[in-house]
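Coordinate inspection notes
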Amino acid sequence: MKLPQKLEQGKFVVLAEMEPPKGTDIEAMVANARRVKGKVDAFIVPEMSNAVMRMSSLGGALVLQNQGLECVIQVCCRDRNRLAIQGDLLAAGALGISGVMAVTGEDPSFGDHHQARAVNDIDLIQLLEVVGGLKQGRDMAGIELAGSPDFLLGTTSGFGSRGKSPEMEVEETKRREAAGARFFVTPPLFDLEAIQPFMRRMEGSSAVIFPTVLLLKSLGMVRYIARNMPHIYIPEGLIERIQTAPDKARECVRIASETVSSLKEAGFAGTVISTIGWENKLPDILEGM
């Protein structure tokens, strides 16, 4: 059963990020994905996250799809002009990719190729509209296509961000929904109460909200997030729990697993699990599901 059908039937959907390799060796990526086949409904393949050069999202997704694993590709405003974006989307549709996540992309100054120039030929709203237009059988120039793709379209949302106005975030999310997005991936969420003011303002909307469960790796990582990413709220009790745990890495896995279960119990449509390099921990996070 494909991802759109699972959402329509009200099943709790588990998406997991699966970074493609920085190189051509796909063995680890494939092995990590296959270990959770049947527990992860689809893999989001990031498009050079943090502006670090890697195998493309489309390439990585096709590698996994050849293993019988459903994928959602990321399409990024940063890296391609409107011609290349539309060409990749048509290729993805022809090859059976069922999901697309539109993202802006981090500035190249954050990554490993500082001399790279961002393209940004179109912005995020335009990108969402491009996908919608292709689904309706026409390209950006209004020319009719010989066959059209059928994607479940998603993007990002600031729901749950600390210090953000719920009214403004909901307004922007509805704008993206009007442009064609059906699902929205939030920043990492460690406190379910933090997202409730946003969710209350979305009552009556058909938008699907996927909170991100970020696997923390160490106490140092927690402290870095607390110091440098003020929009991500980590409760003091959670920090103390990691600080006092004999095996801090194992405790972080437990926290991620508990968060996934809490989201399911709270009635969310699903979640996105981000392990940022620790994809081999996915079986432990999903052990109880």
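Details of the structure are given in the entry above.
Quantities reported herein were computed from a predicted structural model and do not represent experimental measurements.

1. Let's talk about the overall build of the chain
The helix and strand inventory of the chain stands at 11 helices and eight strands. Relative to the globule expectation of 19 Å for 289 residues, the C-alpha radius of gyration of the chain, 19 Å, shows essentially globular dimensions. Out of the 289 residues belonging to the chain, those deemed buried represent 48%. The long-range share in the chain, meaning contacts at least 24 apart out of those at least 6 apart in sequence, stands at 78%.

2. Describing the pairing of strand S3 (residues 71–76)
By the criterion of burial, S3 is predominantly enclosed, with six of the six residues buried. Here S3 shows no split at all, with Cys71, Ile73 and Val75 on one side and Val72, Gln74 and Cys76 on the other all buried. Strand direction decides the pairing type here: strand S2 (residues 42–45) and S3, joined by three bridges, are parallel. Within S3, the position partnered with Ile44 by the bridge is Val72. With helix H3 (residues 57–65) bridging S2 and its parallel neighbour S3, the resulting β-α-β unit is right-handed. For the handedness criterion, the β-α-β arrangement of S3, helix H4 (residues 82–94) and strand S4 (residues 99–103) is classed as right-handed.

3. Details of the packing of helix H5 (residues 124–135) against helix H6 (residues 166–178)
Two numbers describe how H5 lies on H6: the axes approach to 9 Å, and their chain directions differ by 30°. Taken together, the axes of H5 and H6 are roughly parallel relative to one another. Counting all contacts with H5, which are made through Leu124, Ile125 and Leu128, the residues of H6 involved are Glu172, Arg175 and Arg176. Residue composition of the contact of H5 with H6, by class: three nonpolar, no polar and three charged.

4. Focus: the pattern of salt bridges
Going through the model one piece at a time under the given rule, you end up with 14 salt bridges. Between Glu106 and Arg78 there is a salt bridge; the shortest N-O distance is 3.7 Å. With Glu106 in the loop between S4 and H5 and Arg78 in the loop between S3 and H4, this pair connects stretches of sequence that are 28 residues apart. Within the structure, one salt-bridge network assembled from shared partners comprises Arg241, Glu251, Arg254 and Glu258.

5. Concerning helix H10 (residues 248–265)
An ideal rise of 1.5 Å per residue puts 26 Å on 18 residues; H10 measures up with 26 Å between its terminal C-alpha atoms. Along H10, the positions that sit buried rather than exposed are Glu251, Cys252, Val253, Ile255, Ala256, Ser257, Thr259, Val260 and Leu263. Here the buried face of H10 lies against strand S7 (208–214), helix H9 (236–244), strand S8 (270–274) and helix H11 (282–285). Downstream of H10 by a residue or two, Gly267 has a phi angle that is positive, lying close to 95°.

6. Side note on the environment of Ala256
Mapped onto the secondary structure, Ala256 falls in helix H10. You can call Ala256 buried: its relative accessible area is 2%. Separated by 40 residues in the primary sequence, Ala256 and Leu216 have C-alpha atoms spaced 7.8 Å apart. Once residues within four sequence positions are removed from consideration, Ala256 is found in contact with Val213, Leu215 and Ile285.

Thresholds applied
Residues numbered from 1 in each chain as written. Predicted model: local features only at pLDDT ≥ 70, side-chain atom pairs only at ≥ 80, totals over all residues. Heavy atoms only, no water. Helix = DSSP H or I, 4+ residues; strand = E, 2+ residues; numbered from the N terminus. Rg over C-alpha atoms; globule rule 2.2 N^0.38 Å. Buried < 20%, exposed > 50% of the residue type's maximum accessible area, 1.4 Å probe, protein only. Contact = heavy atoms within 4.5 Å. Pairing = 2+ DSSP bridges. Right-handed = clockwise from strand over helix to strand, strands pointing away. Axes fitted to C-alpha atoms, helices over the stretch in contact; angles between N-to-C directions. Parallel < 35°, antiparallel > 145°, perpendicular 65-115°, else oblique. Nonpolar A, V, L, I, M, F, W, Y, C, P; charged D, E, K, R; others polar. Salt bridge = Lys/Arg side-chain N within 4 Å of Asp/Glu carboxyl O. Expected span 1.5 Å × (residues − 1).

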